[in-house]
Amino acid sequence: MGETRAKIGTWLGFLLILVWCLLPVVWIISLSFKGPTETAAGSPQFLPKEPTLQNYSDIIDNPDFKDSLINSFGIAAISTFLSVILATLAAYAIARLDFKGKRLVLSIALAIAMFPVVALVGPLFDLWRTLGLFNTWPGLIIPYMSFTLPLAIWTLSAFFREIPWEMEQAAQVDGATSWQAFRKVIVPLAAPGVFTAAILTFFFAWNEFVLALSLTSTTQARTVPAQLSFFVGPDPFNPPYGQLATASVVVTVPIIVIVLLFQRKIVAGLTSGAVKG
Amino acid sequence: MTTSPDVQPGVAVTESRQTPAAPSGPAAPGGRPSRRDRAGNGLTPGWLPWLLQAPALVVLFGLLVYPLVRVAVLSFQDFGLRELVTGESSWVGLDNFTEVLTDPLLWKVALPNTAVFAAVNVFLTVAVGTAVALLLAKLGPWARGILTSAIMVAWAMPAVTGTYVWVYLFDARDGFVMQTLGSLGLVDPETTNWFTERLPFFAIATANVVHHGFPFVAVTILAGLMTVPKEMLEAAALDGAGAWRRFRYVTMPLLKPVFAVVTILSTIWDFKVFTQIYLMPGGSGTNREVLNLGTWSYITAISQNRYGLGAAIAVLLTLLLLVITAVYLRTLFKQEEL
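The rules behind these values
Residues numbered from 1 in each chain as written. Chains lettered and ligands numbered in written order. Predicted model: local features only at pLDDT ≥ 70, side-chain atom pairs only at ≥ 80, totals over all residues. Heavy atoms only, no water. Helix = DSSP H or I, 4+ residues; strand = E, 2+ residues; numbered from the N terminus. Buried < 20%, exposed > 50% of the residue type's maximum accessible area, 1.4 Å probe, protein only. Contact = heavy atoms within 4.5 Å. Salt bridge = Lys/Arg side-chain N within 4 Å of Asp/Glu carboxyl O. UniProt positions renumbered as here; feature names shortened; annotations may be inferred. Buried area = accessible area lost by both parts, 1.4 Å probe. Polar contact = N/O pair within 3.5 Å; in protein donor to acceptor, adjacent residues only side chain to side chain. Nonpolar A, V, L, I, M, F, W, Y, C, P; charged D, E, K, R; others polar. Core = buried A, V, L, I, M, F, W, Y, C linked by side-chain atoms within 4.5 Å. Domains from an automatic or database assignment. Phe/Tyr/Trp six-rings, centres within 6.5 Å; stacked < 30°, edge-to-face > 60°. Lys NZ or Arg CZ within 6 Å of the ring centre and 35° of its normal. pLDDT = per-residue confidence, 0-100.

Novice: Please explain the overall build of chain B as it appears in this structure.
Specialist: Counting secondary structure elements, chain B contains 16 helices and 2 strands. Buried positions account for 51% of the 338 residues belonging to chain B. For chain B, the share of sequence-separated contacts (at least 6 apart) that also reach a separation of at least 24 residues comes to 65%.

This is the structure:
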């Protein structure tokens, strides 16, 4: 009797959390298929009355949105690439080599993660204008690298410590050159960790808002999250909710697909810092 | 993920496990190899670790040191548009700090909106995350997979789009929630606007922040739960301990380090909440009642061009976070010594 009740409770909880997690995403997808008359009325209906692709064609025709989408992809991809390379080198040193000051390096990394981005906006704005980096891709790529490096270093060094490095020597004993040993033995073992760090880095750069908003002035470098806040239609009292929702879907769905595809790796990467598993 | 029973927090993990190459000398305190081992290794030159870390450290230091110094310097200056154009600066000593610290806005609005909001959100995020983790642990592999995916979807939703969803749901007059409650006769949609008042504003922000933050807590604590030996829980159950007592007296003490990590990381994040507040109606400065330290600093510096004053607010926020981080590091390193 008590067991049945516990089971029912578990399943109720299951449904509740499922709905709570998915509702905003499903809601915004439904919104993106609604026409302006429906969204202006607050769209009390959950599903669109007359589904339309109008918002999607509007978005595609919007040059500002297209530019910012290209910026988002380019900036996130380049920051991820550079950040992962630097983090791999540093994490290798932390996980594999023995040296004094390891604790200091890790503390600095943590301090960066702690630092409020808002406090950096003013000085960076000032400096970037002097250096001519304001409203450019490198102007966002550099701070994105700095902010993703700590997480990437932690994640990677946690992964690297699990690698049986003796295998490298074993391969060399068996006649492989050190490059071959690295290439054939270590790279395949390290790849999942590097991949996880790359996803987490890309995720940050793709979603970042404050710096994208303050360090850009046009769609030359502005990314989608910042561009969304400039998404005001002709009537400021009637924002184009449908288009806003559609733009949100366009930036959210790819990241959700990535996260679902690589869920196991991401969860492992997220928890590697906190739990020794 | 293996299920080894030793659970260690954050950075400590990275440090406490040495590579197989490093033999643990008998004199090594806390399991760390002594200096002699290091010197006796002889395979890696001393400069190699630093060469490998140099690029990362340059980027990290470049970002940390320059802006940190600059913000600190700015906070002692009267720096506005004129100074930005001319490049001159005028020192005003502690004027900016005096102005901030004597401003009732700090004590009545910005600080409570930061600290109380963070406290409530951290509590709710950790509580919800723990509850979800416990539920996940009870589910079969199939249901757990589905629910984990749903949780990761909530996590993946960008803060910007997430905020738009919540704003739209609670929109005055037309919002889904307002219309539903209005049709039930619970509120009058014509006269109610939840965004103009402080408490409802932050209640909506809390829903948003907790929704965005609990997935990390849930998956981390679930990973921790997997390391709790089943026999211990079974033994406690045989001794007649109910679900709550098993959680309170077996699981909680074992997972203390994990709880410490998720609590402190959540605290750091929730003190810094910016996007979710800034993008809500009135959050970008038009409603001063809902400013927190982050948005106040940003609006003062960027919108009002009072960079010096904005920097002073940023310094206060940074000091506050520094204290929290120091506590975090102490907790981590203390546990490592155990």
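Novice: Before we go on, may I ask you to explain the pattern of salt bridges in this structure?
Specialist: Close approach of charged atoms allows side chains of opposite charge to pair. Summed over all chains, the structure comprises 2 salt bridges over all chains. Residues D126 of chain A and R70 of chain B are paired through a salt bridge, measuring 2.7 Å at the closest nitrogen-oxygen approach. Within this pair, whereas D126 of chain A is found in helix α6 (residues 117–131), its partner R70 of chain B is found in helix α3 (residues 48–74), the two belonging to separate chains. For E99 of chain B, the salt bridge is made with R306 of chain B, and the minimal N-O distance between the two is 3.3 Å. Taken together, the positions of E99 of chain B in helix α5 (residues 95–102) and R306 of chain B in the loop between α15 (293–303) and α16 (307–337) put the pair 207 residues apart, joining distant regions of the chain. For R306 of chain B, a relative accessible area of 37% gives the class partly exposed.

Novice: What is the right way to read unusual backbone geometry from this model?
Specialist: Where the residue is not glycine, phi is negative for most of them; where a peptide bond is considered, it is trans in most cases. In this model, N135 of chain A sits at a positive phi of 60°, which is unusual for a non-glycine residue. Topologically, N135 of chain A is positioned in the loop between α6 and α7 (137–160). Residue N135 of chain A is classed as buried on the basis of its relative accessible area, which comes to 7%. Non-glycine residue N305 of chain B carries a positive phi angle of around 55°.

Novice: Quick question: what am I supposed to make of the UniProt feature "transmembrane region" (unreviewed entry) in chain A here?
Specialist: All names here are of chain A. Mapped onto the present numbering, the UniProt feature "transmembrane region" (unreviewed entry) falls at residues 12–33, 73–92, 104–125, 137–160, 185–206 and 241–262. Across residues 104–125, helical content stands at 91% and strand content at 0%; the span's end C-alpha atoms are separated by 29 Å. Helix makes up 100% of residues 137–160 and strand makes up 0%, while its end C-alpha atoms are separated by 31 Å.

Novice: Can you walk me through the interface of chain B and chain A in this structure?
Specialist: Accessible area lost when the parts come together is the quantity often used to give the size of an interface. Tallying the contact residues gives 104 residues for chain B and 96 residues for chain A. Roughly 9300 Å² is buried in total at the junction of chain B and chain A, and carbon and sulfur atoms are behind 77% of that figure. Looking at the side of chain B facing chain A, the largest losses of area belong to L60, L63 and Y168 of chain B, adding up to 8% of the total buried there. The tally of links between chain B and chain A comes to 7 residue pairs in polar contact (both at pLDDT 80 or more). Sort the elements by how many residues they give to the side of chain B that touches chain A and α3 of chain B lands first, with 18 residues. In terms of residue class, the side of chain B that touches chain A is made up of 70 nonpolar, 23 polar and 11 charged.

Novice: Mind showing me how you'd approach the nonpolar core here?
Specialist: Proteins that are soluble and globular tend to have nonpolar side chains buried together. Grouped together as the largest cluster of nonpolar side chains are 182 residues, with contacts concentrated most on L211 of chain A together with L147 and W296 of chain B. Excluding residues within four positions of it along the chain, L147 of chain B makes contact with F14, I17 and L18 of chain A together with L135, L136 and L139 of chain B.

Novice: Would you take a moment to explain the domain arrangement of chain B for this structure?
Specialist: Residue and element names in this part refer to chain B. Looking at the assigned domains, one finds that chain B contains domain 1 (74–98 + 303–338) and domain 2 (115–291). Once you take the C-alpha centre of each, domain 1 and domain 2 turn out to be 30 Å apart. Every contact between the two is made by 10 residues of domain 1 and, on the other side, 10 residues of domain 2. In total, domain 1 and domain 2 occlude about 850 Å² of area from one another, counting both sides; carbon and sulfur atoms represent 80% of this. At the junction of domain 1 and domain 2, the tally comes to 0 salt bridges. Looking at the side of domain 1 that touches domain 2, its residues break down into 6 nonpolar, 4 polar and no charged.

Novice: Looking at this structure, how should I read the packing of aromatic side chains?
Specialist: Two measures describe an aromatic ring pair: the distance that separates the ring centres and the angle between the ring planes. Counted by the stated rule, this structure contains 23 aromatic pairs over all chains. Considering the side-chain rings of F216 of chain B and W269 of chain B, the 5.2 Å spacing of their centres and the 75° angle between planes classify their relative orientation as edge-to-face. Taken as a pair, F216 of chain B in helix α10 (residues 198–225) and W269 of chain B in helix α13 (residues 256–271) lie far apart in primary sequence, 53 residues in all. Sitting over the ring of F134 of chain A, R129 of chain A keeps its end group 5.9 Å from the ring centre. Of note, R222 of chain A hangs over the ring of F230 of chain A, and the distance from its end group to the ring centre comes to 3.8 Å.

Novice: Can you walk me through the confidence of the model for chain B in this structure?
Specialist: All names here are of chain B. Looking at chain B as a whole, the pLDDT averages 78, with 83% of positions reaching at least 70. By mean pLDDT, helix α1 (residues 10–16) is the weakest element of chain B at 35, and helix α6 (residues 104–138) is the strongest at 92. A low-confidence stretch, residues 1–42 stays under pLDDT 50, and its non-local contacts, those more than four residues away or across chains, total 77 contacts. Model confidence for the complex: the whole-complex pTM is 0.81, and ipTM, which rates the interface, is 0.82.

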